[in-house]
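# Reading the structure
Given next are the chains, with one letter for each unit.
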Amino acid sequence: MDPLVIFTPSGKRGRFPKGTPILTVARQLGVDLDSVCGGRGICSKCQVSPSYGEFSKHGVTVKPDALSEWNDVEARYDRVRGLKEGRRLGCQATVQGDVVIDVPPESQVHKQVVRKAAAVRAITMDPATRLYYVEVAEPDMHEPSGDLERLKRALAEQWEIGTDGLSVPLPVLSKLQPALRKGDWAVTVALYKGHGDANERVLDVWPGFWEERLYGLAIDLGSTTIAAHLCDLRNGEVVASAGVMNPQIRFGEDLMSRVSYSMMNEGGAGEMTTAVRGALNTLAEEIAGEAGIEPAQIMETVFVCNPVMHHLLLGIDPVELGQAPFALATSDSLSLAADELDLRAVNPAARAYVLPCIAGHVGADAAAVALSEEPYLSDDLVLIVDVGTNAEIQLGDKRRVLACSSPTGPAFEGAQISSGQRAAPGAIERVEIDPATKEPRFKVIGCDLWSDEDGFAEAAAATGISGICGSGIIEAVAEMRSAGVMDAKGLIGSAAQTGTERCIAEGRTHAYAIHDGRADGGPLITVTQGDIRAIQLAKSALYAGARLLMDEIDTDTVDRVVLAGAFGAHISPKHAMVLGMIPDCPLDKVTSAGNAAGTGARIALCNRAARGEIERRVHEIHKVETAIEPRFQEHFVAANAIPHATAPFPELRK
Ligand code: FES
């Protein structure tokens, strides 16, 4: 009987004749074992660990001679590059007896990468771009085929790649001849095959066995900031992250003002497109420099963005998005040459994938959040809120998912707030107010101490205290309500009414002073009546959007709330609920997903099947248009009170 080969962790098994290479066995059993050099003992991607001893569970005993001795190729590899103790090259070691073979994670093509985000879900690696090492026949006077034709034949024979429709861009074709000759008729090629593609395309070619790695950029293109993660396309690891301000801010702080800029200025959309593409190139260069790689190693880019940014990235005038019926030029995903987006600081043949949009106001960033948080697989009813200048809201479970966007404005980001600033060192980010004394204590970004702790003044001197950021203003307003400094309508009381001199008169209204640094040349940081109004407008819009979706499925409660977005990561659930930003829900069921849109971009970058998945799912998401829904206004007005005019918020009483 032929020897039995059992693979772990997959458990796949089969009997194979003595002398069969482990890589061949793995391929025949469908075991996930990597190879770039096609079994030539060059790449070492096929490393396995044979186990010896009794395996009563499998009914086999594995003896030390279950695999062949090292052959010359394996011995040379070990001599030159070194094999870890107990490891064998799967392409060189052959079966000699019953054997149990472990495939370590780094030798698996479709390895799972654990996400760093709070809600841990593994990303299965299945990138669209992979490297293949091929040995190509030399040209022959008697067989007049071109170098490309012989490369195609080699790919078909050595990798079983269908090459009839294989496309090769001209710049790559021009590199092929020198690469083949320099590599002594062997080359490494990068092939791209998207999830819907019938054929592969060649992205690059290098002489011989090319040992470097390929990378992809997952880009969250926001209206305020652009964040990018550089990911290793072999294992999904984030090797560098960077962000820049979106330079379009000079054309308008929020999305609608950018649409207006485009309407009012001929060529305005083009100016904004040029600005954002320039920033993307700078960002790609910086991130490659930080990671110590060549920009040419960046083979793929994946974009998630709101509809207006989506159009401006693509060079499409967003004017239609500024008026009903808010028609997108296309809601489908796009697979493009990065070159078409003027991305120069990447490989010249790099690809760009833009996730699909859900609707005219619910963009590819919301699709990415859905891909990351998978509401469509949830057993319980989940409300996902991606808080930014526009809140994108999703509600659903595995039966159905609804989505809308709500115009919260920039108040939650600290803009339109009298002492507001972006979340940066020196910004007040946490606030507590003692209900008895009405005295505040606070923390600033860049300093670990609370303001009433010993050593705070010295510690905070490094950053200074310059203003209050989005999470700080939310906590401040919620604490003012809880401490009785402000009533349910949002009116700040006078010093006489509240019993604290921190309530200071400002014309006919009042403001609450959190910090007075004027004696040392610093600012007086207050929360004014105007600030309260701005926060009320923003939180009412957010709540009304969520409530509208809840009406659609006739529910007054949700099982859990997920706060997404960089800002969501810093909001305290208790303060968000005291303010009435989100519907009532057990506080321990309010979680933060961090930058879920960025995570969705990473998933789409690392796993091409995920692209197909989200393309299918967005068609099933029911869109609700807040701008034309009369109940939105009713909900908005009722939500103006803090926490709400009519909703009871029983969880807050616990
Ligand atoms: Fe490349 Fe084994 S497959 S070394």
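Model, not experiment: these values are computed from the prediction. (Residues numbered from 1 in each chain as written. Predicted model: local features only at pLDDT ≥ 70, side-chain atom pairs only at ≥ 80, totals over all residues. Heavy atoms only, no water.)

### Examining the sheet that holds strand E29 (residues 590-594)
In space, the six strands of this open sheet follow the order E29-E28-E19-E20-E21-E30, with mixed pairing throughout. Of all the strands in the sheet, the pair left with one neighbour each is E29 and strand E30 (622-623). Two elements, strand E19 (residues 382-386) and strand E20 (residues 391-396), share five bridges in a ladder whose sense is antiparallel. By the bridge assignment, Ile-384 is partnered in E20 with Gln-394. Against the sheet, helix H8 (residues 364-373) touches E19, E20, strand E28 (560-564) and E29, its axis set at about 40° to E20. (Pairing = 2+ DSSP bridges. Helix = DSSP H or I, 4+ residues; strand = E, 2+ residues; numbered from the N terminus. Contact = heavy atoms within 4.5 Å. Axes fitted to C-alpha atoms, helices over the stretch in contact; angles between N-to-C directions.)

### Some remarks on the nonpolar core
Core analysis: the biggest nonpolar cluster contains 119 residues, and Leu-151, Leu-155, Val-187, Ile-226, Phe-303 and Leu-355 have the highest contact counts within it. A total of 10 residues in this core trace back to one element, the largest contributor, which is helix H6 (residues 268-291). Excluding residues within four positions of it along the chain, Leu-355 makes contact with Val-302, Phe-303, Val-304, Ser-333, Ala-364, Ala-367, Ala-368, Leu-371, Ala-604 and Ile-614. Leu-383, Met-480, Ala-483 and Phe-649 belong to the second-largest nonpolar core, a separate cluster that totals 67 residues. (Core = buried A, V, L, I, M, F, W, Y, C linked by side-chain atoms within 4.5 Å. Buried < 20%, exposed > 50% of the residue type's maximum accessible area, 1.4 Å probe, protein only.)

### Details of helix H17 (residues 630-638)
Residues separated by three or four positions in an α-helix point in the same direction, a consequence of the helix having 3.6 residues per turn. Of all the residues in H17, the buried ones are Phe-632, His-635, Phe-636 and Ala-638. All buried residues of H17 lie within an arc of 165° about the axis, which places them on one face of the element. Opposite its buried face, H17 presents the exposed residues Pro-630, Glu-634 and Val-637, each directed more than 90 degrees away. Looking at the buried positions of H17, the neighbouring elements they touch are strand E21 (401-406) and helix H12 (529-552). (Arc of directions from axis to C-beta.)

### Notes on the packing of helix H10 (residues 470-482) against H12
At their nearest, the axes of H10 and H12 sit 11 Å apart, and the two run at 105° to each other. Taken together, H10 and H12 sit at an angle that is classed as roughly perpendicular. Within the contact between the two elements, H10 uses Ile-473, Val-477 and Met-480 and H12 uses Asp-531, Ile-532 and Ile-535. Among the residues forming the contact of H10 with H12, the class breakdown is five nonpolar, no polar and one charged. (Parallel < 35°, antiparallel > 145°, perpendicular 65-115°, else oblique. Nonpolar A, V, L, I, M, F, W, Y, C, P; charged D, E, K, R; others polar.)

### A word on unusual backbone geometry
Look at the link from Thr-8 to Pro-9: it is a cis peptide, with omega at 5°. Along the chain, Pro-9 turns up in the loop between strand E1 (4-8) and strand E2 (13-15). Across the junction of Ala-324 and Pro-325, the peptide omega takes the value 5°, indicating a cis bond. Residue position: Pro-325 is located in the loop between helix H7 (307-314) and strand E17 (334-337). Phi is positive for Glu-374, which is not a glycine, with a value near 50°. Tracing the chain through its elements places Glu-374 in the loop between H8 and E19. Residue classification places Glu-374 among the buried positions, given a relative accessible area of 18%.

### Concerning the sheet that holds strand E23 (residues 440-444)
Judged by pairing direction, the sheet is mixed, and its three strands sit side by side in the order E23-E22-E24 without closing on themselves. Either end of the sheet is taken by a strand with one partner, and the two such strands are E23 and strand E24 (467-468). Two elements, strand E22 (residues 427-433) and E23, share five bridges in a ladder whose sense is antiparallel. Residue Ile-428 lies in a different strand from E23, and its bridge partner there is Val-444. With respect to the sheet, H10 is in contact with E22 and E24, its orientation differing from that of E22 by roughly 15°.

### Notes on the pairing of E21
Across the six residues of E21, six count as buried, placing the element largely inside the fold. Bridge analysis of E20 against E21 gives six bridges, and the strand direction is antiparallel. Of the residues in E21, the one forming a bridge with Ala-391 is Ser-406. Linking two consecutive strands that pair antiparallel, namely E20 and E21, is a turn of four residues. Bridge count between E21 and E30: two bridges; the pairing is parallel. Bridge pairing links Leu-402 to His-622 in E30.

### Considering the domain arrangement of the protein chain
According to the domain assignment, the protein chain contains domain 1 (4-107), domain 2 (128-207), domain 3 (215-354), domain 4 (375-405 + 548-645) and domain 5 (411-534). Distance from the C-alpha centre of domain 1 to the C-alpha centre of domain 4: 48 Å. (Domains from an automatic or database assignment.)

### Remarks on the environment of Thr-24
Its place among the elements puts Thr-24 in helix H1 (residues 22-29). Once the C-alpha coordinates of Thr-24 and Thr-94 are considered, the two residues, 70 residues apart in sequence, prove to be 9.2 Å apart.

### Let's talk about the pattern of salt bridges
In total, this model carries 32 salt bridges according to the counting rule given. A salt bridge links Arg-441 to Asp-452, with the shortest nitrogen-to-oxygen separation between them at 2.8 Å. Here Arg-441 is found in strand E23, whereas its partner Asp-452 is found in the loop between E23 and helix H9 (456-461), with 11 residues between them in sequence. In this structure Arg-441 comes out as partly exposed when scored by relative accessible area, which is 22%. A salt bridge links Glu-552 to Arg-631; its shortest N-O distance comes to 3.5 Å. Here Glu-552, found in helix H12, pairs with Arg-631, found in helix H17; they are 79 residues apart in sequence, far enough to count as distant. You can call Arg-631 partly exposed: its relative accessible area is 26%. Here the salt bridges do not stand alone but share partners, grouping Arg-547, Asp-551, Glu-552, Asp-556, Glu-629 and Arg-631 into one network. (Salt bridge = Lys/Arg side-chain N within 4 Å of Asp/Glu carboxyl O.)

### Quick notes on the packing of H6 against H7
Contact geometry of H6 with H7 gives a least axis separation of 8 Å together with a crossing angle of 85°. Judged by the inter-axis angle, H6 sits roughly perpendicular to H7. Contacts between H6 and H7 involve Ala-269, Met-272, Thr-273, Val-276, Arg-277 and Leu-280 from the first element and Met-309, Leu-312, Leu-313 and Leu-314 from the second. When the residues that make up the contact of H6 with H7 are grouped by side-chain class, the tally is eight nonpolar, one polar and one charged.

### A look at the side chain of Arg-87
Tracing the backbone through its elements, the reader meets Arg-87 in the loop between helix H2 (72-80) and strand E6 (88-89). At 2.9 Å, the side chain of Arg-87 forms a polar contact with the side chain of Glu-106. Not counting residues within four places of it along the chain, the set of residues in contact with Arg-87 comprises Gln-47, Val-48, Ser-49, Pro-104 and Glu-106. (Polar contact = N/O pair within 3.5 Å; in protein donor to acceptor, adjacent residues only side chain to side chain.)

### Some points on the packing of aromatic side chains
Under the definition given, this model contains six aromatic pairs. Measuring from ring centre to ring centre gives 5.0 Å for Tyr-132 and Trp-159, while their planes differ by 80°; the resulting arrangement is edge-to-face. Placement of Tyr-132 in strand E10 (residues 129-135) and of Trp-159 in helix H3 (residues 147-159) is noted, with a sequence separation of 27 residues between them. The exposure class of Tyr-132 is buried, given its relative accessible area of 11%. (Phe/Tyr/Trp six-rings, centres within 6.5 Å; stacked < 30°, edge-to-face > 60°.)

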